[in-house]
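# Overview (structure and organization)
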Amino acid sequence: MIRFENFRFRYSNSQRFALRDINLKIEDGEFVMLVGNSGSGKSTFLRAINSLIPHFYGGEYCGRVSVYGKNPENTAPRDMTKIVGTVLQDPENQLLMNEVGREIAFPLENMGLSAKEITKRVEDILNLLDIEHLRHRKIENLSGGEKQKVAIASAMAMHPRVLLLDEPTSQLDPKSAESIISLIERINDELGTSILLVEHRLENTVHRADRLIVLRDGEVIGDGEPRVIMEKLDMDALGIGYPPVARVARMFHKDYLPLTVKEARKVLEDVFLGVEIKEKEEMVESVVSIINLQFGYSGKKVLTGLNFDIPSRGVTGIIGRNGSGKTTLAKIIAGILKPQGGKIKYRVKKNEIGMVFQNPNLHVIGKSVYEDIAYTLRARNEKNVEERTMKVLKTLGLEELKDRNPLDLSGGERLLFALGTIIVFSPKLLILDEPTRGLSYGHKIKLEELLREYSKSRAILLISHDMELIAKLSSKVALLSEGKIVLEGNKREILSSSLSFSPQLNKLVQRYEGVDKRILTEEDLK
Amino acid sequence: MRINAMVVFIWLILIVFASLIFNSLLLLSLLFISSLVPSVFLDFKKYAKYMLYSLFAVLFIFVFNTILMGFSSLMFSTTMSLRLLSITSAFAIFSLTVDFEHMILLLEKLKFPQKSVVSLSLSLRFFPVAINDAERIKEVMIARGVHFEKKKMKERIKSRIPMFSSLFLISLERSVQIAEALELRGFPAEKRLVWKPLKIGAKEKILILGLLFDFALIFYSIFSPSFAELSALIPLIIVGGFTK
């Protein structure tokens, strides 16, 4: 059992307490989900259990924590690993060895186990998690989802009583994320390992948890059965959000809060009746026209005769599975990579195209938020640097953080900062590659507002696995597969009545008779 | 074909040791042959590439010595060149047979401190990641409108400074995360055991004994030339390590 008694913690470089007055118990075998906005104390909570606090992160430590009889305050992290396994957010930086087998064996070697016992445990865990085929693979050649599975395997090989997972799916596409969440559920079900999961994505996750703990500014403001807590608290106002079906149920004041599409089928049957989608198709000229585009990396073809037009206004969404060439296409359009065949007709200058990368850290130079954004204008020899930088900071809501180092910002703020380093020169075509990965609901809403406003007068090319975002913002959607655009058209044509691309709400309406099947998001019901 | 890293390591030390002890043209020539023969079991193109670099150094030795001391230095230049070629050849053989992974196992076997070994292993793991970061940062710079190619050399260097700053900060943040992950994997350990240590079988033991015996023989050659030629050829027993 894990027990917190009057626990408080303040990091040594901070004025405020990251966690305050924590009093709770987590029973053996529980599946607990921990949610809260950026800076609410979720990661600190986990660090207080695996004893990184106070041994790795020092500060003011008050109260008492007990983890299966051990006190983290006087137990070093290496001694805690036998009880607590931890999986971190970034799949890249937590894998330390070069080969999967050696990675799983590494903590066991540190435990001083015999070679025979290590072999047994490595085989055991590879088998349990169905990743035997990865045994001899090099870590650098694994996909993000595979890396996260190996990280889980490495933590589970120590036979911990509790597994802590700090946003393990935030860097993954929905399909990989789903397989990780299912795996975690299986570990909890079959092995009885307690789970403490910090997660932003509530759909497909929250219904699996036994218990939901909601944190705000370091305090527990909700703790109990997920449905009860989500009914009691306004999760949107807290910046946490709801699964789309649950939000619709709240919009229509339903007594029962469904958390999955299955649960919603009976509850929400009547809310879609009479809703009719009326949209005028606007003809807009193209900003970029791509004809028969070819590209490959060291002999491997990625784009094979791709044809595509990007309208000069509005958001164009690009969807497709991992490795289908979406990012490569974006880099070619942005002029970063050169096409190996075909033609691209630009109706803007190439330096009027900007691209925000998947990893916002790549946009950091490191002086300050202000200086890093201003750098773009200076590097381009543009005028009115101060005025334009301040205007962008105001638009992004980062004015108060302008003197901070970008690396001190939260994940969501960093994304807005990265966006700022590009929109400061007002590109006529803005390309965004997976902008919502790991973003909290609050920051996602902010990003949506910004992009909606920006797209009124300029073009946005949005690459995303987030079908809700694509459905909300795009007017045109294209599906990339096998190096070609295989489907393109109005978002409702492409995203409705699909088994895998439809957003959650459309999956729900697909089953109802007499309902407009083109409904995609809750905004269509307003 | 993989040869045991420990055998090659001892062989390498032996070649370096012998090339420093031997002075005669004959012995150094025999030693060079001993250091050259294992290349037939390896990627000869790669081996030749390594050796090509040392040929430039050989040329330099000859030209430099001839200018300074005239043609009387030819003998000296030849022995120095043979020394250099033997050592380069031995290192080329070592790097073509022992990959980084086995190098780490070798260091573990040689009881190097665990922190140094794991640090070395981490550098191997994260070097390609850092290279990838550098490429992505350059792409972001292009996306922000910085064009490296169009500028003059001075401006090009100047425009790369923010790139290095960015790479440094990302690496710094990564290093904190790696440190955190190491702690959570129980490192550094009080008593760490290696899962699959470098195995030294009967054949390897015989080869190592042979090489160690040669150390003694080479040392003996300083005082008596009786077995000197033999000692220069004994390193050839390494060929046994390449066969099954």
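## Examining the overall build of chain B
In terms of regular secondary structure, chain B is built from 10 helices and zero strands. N-terminal to C-terminal, the α/β element order of chain B is α-α-α-α-α-α-α-α-α-α. Taken along the three principal axes of its C-alpha coordinates, chain B extends 70 × 55 × 30 Å. For chain B, the proportion of contacts with a sequence separation of at least 24, taken over those separated by at least 6, is 75%. As displayed, chain B has an accessible area near 13100 Å², and 73% of this comes from carbon and sulfur atoms. For chain B, the distance from the average position of its 28 positive side-chain charges to the average position of its 16 negative side-chain charges is 3 Å.

## Re the overall build of chain A
When its secondary structure is counted, chain A shows 18 helices and 18 strands. On C-alpha atoms alone, chain A measures out to a radius of gyration of 24 Å, which is about the 24 Å that the 2.2 N^0.38 rule sets for 526 residues. Dimensions along the principal axes, computed over C-alpha positions, put chain A at roughly 70 × 55 × 50 Å. Taking all contacts inside chain A whose residues are at least 6 apart in sequence as the whole, residues at least 24 apart take part in 66%. Accessible surface for chain A amounts to roughly 21500 Å². Of this, 44% is attributable to carbon and sulfur atoms.

## As for the environment of Leu52 of chain A
Tracing the sequence through the fold places Leu52 of chain A in helix H2 (residues 52–55). When its relative accessible area of 1% is taken as the criterion, Leu52 of chain A is described as buried. Distance in space between the C-alpha atoms of Leu52 of chain A and Asn405 of chain A is 24 Å, their sequence separation being 353 residues. Residues within four places of Leu52 of chain A in sequence aside, it is in contact with Arg47, Tyr57 and Pro77 of chain A together with Glu180, Glu183 and Leu184 of chain B.

## Some points on the packing of helix H4 (residues 100–110) of chain A against helix H5 (residues 115–128) of chain A
Residues and elements named next belong to chain A. Running from N to C, H4 and H5 point in directions that differ by 130°, and their axes come no closer than 10 Å. Compared by their axis directions, H4 and H5 come out oblique. Handedness of the H4/H5 crossing: right-handed. Taken together, the residues of H5 that come into contact with H4 (itself represented by Val100, Gly101, Ile104, Ala105, Leu108 and Glu109) are Ile118, Arg121, Val122, Ile125 and Leu126.

## A word on the environment of Asn6 of chain A
Here Asn6 of chain A lies in strand S1 (residues 2–11). Remark: the alpha-carbon pair of Asn6 of chain A and Lys507 of chain A, spanning 501 residues in sequence, is separated by 45 Å.

## Observations concerning the packing of aromatic side chains
Residues and elements named next belong to chain A. Applying the stated criterion across every chain yields a total of 17 aromatic pairs over all chains. On the numbers, 6.4 Å between centres and 75° between planes, the contact of Phe9 with Tyr61 is edge-to-face. Taken as a pair, Phe9 in strand S1 and Tyr61 in strand S4 (residues 59–67) lie far apart in primary sequence, 52 residues in all. Residues Phe9 and Tyr61 agree in their burial class; the two are buried. Aromatic ring contacts, followed pair by pair, group Phe4, Phe7, Phe9, Tyr11, Phe45, Phe56, Tyr57 and Tyr61 into a single cluster. One cation-aromatic arrangement involves Arg47 over Tyr57; the distance from NZ or CZ to the ring centre is 4.1 Å. Sitting above the plane of the Phe425 ring, Arg380 keeps its charged end 3.6 Å from the centroid.

## Examining the sheet that holds strand S11 (residues 300–311) of chain A
Residues and elements named next belong to chain A. With antiparallel pairing, three strands are arranged side by side in an open sheet as S11-S10-S13. Edge positions in the sheet fall to S11 and strand S13 (341–346), since each of these pairs with one other strand and no more. Adjacent strand axes in the sheet meet at a mean angle of 15°, parallel and antiparallel pairs treated alike. Contacts from helix H11 (residues 326–333) reach strand S10 (286–297), S11 and S13 within the one sheet, and its direction differs from that of S10 by about 120°.

## A short note on the nonpolar core
Ranked by internal contacts, the top residues of the largest apolar core, which has 72 residues, are Ile152, Met235, Leu268 and Phe272 of chain A. Beyond its immediate sequence surroundings of up to four residues, Phe272 of chain A is in contact with Leu505, Leu508, Val509, Tyr512, Val515, Ile519 and Leu525 of chain A. Counting residues in hydrophobic clusters, the runner-up holds 46 residues, among them Leu393, Leu407 and Met467 of chain A together with Leu169 of chain B.

## As for H11 of chain A
Residue and element names in this part refer to chain A. A large share of H11 lies buried, amounting to seven of its eight residues. Of the positions making up H11, those classed as buried are Lys326, Thr328, Leu329, Ala330, Lys331, Ile332 and Ile333. Two residues or fewer past H11, Gly335 is found with a positive phi of approximately 85°.

## Quick look at the interface of chain B and chain A
Across the boundary between the two partners, chain B contributes 50 residues, which contact 64 residues of chain A. Interface area for chain B against chain A, summed over the two sides, is near 5000 Å², with a carbon-plus-sulfur share of 55%. Summed over the three residues of chain B that lose the most area to chain A, namely Arg144, Arg185 and Trp195 of chain B, the buried surface amounts to 21% of that side. The interface formed by chain B and chain A contains six salt bridges. The partner of Arg414 of chain A in a salt bridge is Glu173 of chain B, and the shortest N-O contact between them spans 2.9 Å. Counting across the interface, chain B meets chain A through 24 residue pairs in polar contact (both at pLDDT 80 or more). Counting only elements with at least two residues in the side of chain B that touches chain A, the list comes to helix H5 (100–109), helix H6 (114–143) and helix H7 (153–184) of chain B. Residue contributions to the side of chain B that touches chain A peak at 17 residues, all from H7 of chain B. Residues belonging to the side of chain B that touches chain A are distributed by class as follows: 28 nonpolar, seven polar and 15 charged.

## A few points about the pattern of salt bridges
Side chains carrying opposite charge are able to pair once their charged atoms draw close together. For the structure on display, the rule yields 41 salt bridges over all chains. A salt bridge links Glu190 of chain B to Arg78 of chain A; the nearest nitrogen and oxygen atoms lie 3.3 Å apart. One end of the pair, Glu190 of chain B, is in the loop between H7 and helix H8 (202–221); the other, Arg78 of chain A, is in helix H3 (residues 77–80), on a second chain. Since its relative accessible area comes to 70%, Glu190 of chain B is described here as exposed. Owing to a relative accessible area of 28%, Arg78 of chain A belongs among the partly exposed residues under this scheme. We note a salt bridge from Asp403 of chain A to Lys402 of chain A, for which the minimum N-O separation is 3.8 Å. On the accessibility criterion, Asp403 of chain A (63% relative accessible area) is exposed. By relative accessible area, which is 27% here, Lys402 of chain A ends up partly exposed. One network of salt bridges, with partners in common, ties together Lys331 of chain A together with Glu135, Arg136 and Glu139 of chain B.

## Comments concerning the side chain of Thr97 of chain B
Residue and element names in this part refer to chain B. With respect to the helices and strands, the residue Thr97 is situated in helix H4 (residues 74–97). A distance of 2.7 Å separates a polar side-chain atom of Thr97 from the backbone oxygen of Ile93. Among residues more than four places away in sequence, those in contact with Thr97 are Arg2, Ile3, Val8, Leu42 and Phe242.

## Describing the sheet that holds strand S2 (residues 19–26) of chain A
All names here are of chain A. Pairing within the open sheet is antiparallel, and its three strands lie in the order S2-S1-S4. Each edge of the sheet is formed by a strand with only one pairing partner; in this case those strands are S2 and S4. Geometrically, the sheet is characterised by an average inter-axis angle of 20° between neighbouring strands, direction not taken into account. The pairing of S1 with S4 spans eight bridges and is antiparallel. Considered in S4, the bridge of Arg10 is made with Glu60. Against the sheet, helix H1 (residues 42–50) contacts S1, S2 and S4, and its axis sits at roughly 115° relative to S1.

Thresholds, definitions, all that
- Residues numbered from 1 in each chain as written.
- Chains lettered and ligands numbered in written order.
- Predicted model: local features only at pLDDT ≥ 70, side-chain atom pairs only at ≥ 80, totals over all residues.
- Heavy atoms only, no water.
- Helix = DSSP H or I, 4+ residues; strand = E, 2+ residues; numbered from the N terminus.
- Contact = heavy atoms within 4.5 Å.
- Areas by Shrake-Rupley, 256 points an atom, 1.4 Å probe, with all protein chains shown as cover.
- Lys, Arg positive; Asp, Glu negative; His and termini not counted.
- Charge placed at Lys NZ, Arg CZ, Asp CG, Glu CD.
- Rg over C-alpha atoms; globule rule 2.2 N^0.38 Å.
- Buried < 20%, exposed > 50% of the residue type's maximum accessible area, 1.4 Å probe, protein only.
- Axes fitted to C-alpha atoms, helices over the stretch in contact; angles between N-to-C directions.
- Parallel < 35°, antiparallel > 145°, perpendicular 65-115°, else oblique.
- Left-handed = near helix turned anticlockwise from the far one by under 90°.
- Phe/Tyr/Trp six-rings, centres within 6.5 Å; stacked < 30°, edge-to-face > 60°.
- Lys NZ or Arg CZ within 6 Å of the ring centre and 35° of its normal.
- Pairing = 2+ DSSP bridges.
- Core = buried A, V, L, I, M, F, W, Y, C linked by side-chain atoms within 4.5 Å.
- Buried area = accessible area lost by both parts, 1.4 Å probe.
- Salt bridge = Lys/Arg side-chain N within 4 Å of Asp/Glu carboxyl O.
- Polar contact = N/O pair within 3.5 Å; in protein donor to acceptor, adjacent residues only side chain to side chain.
- Nonpolar A, V, L, I, M, F, W, Y, C, P; charged D, E, K, R; others polar.

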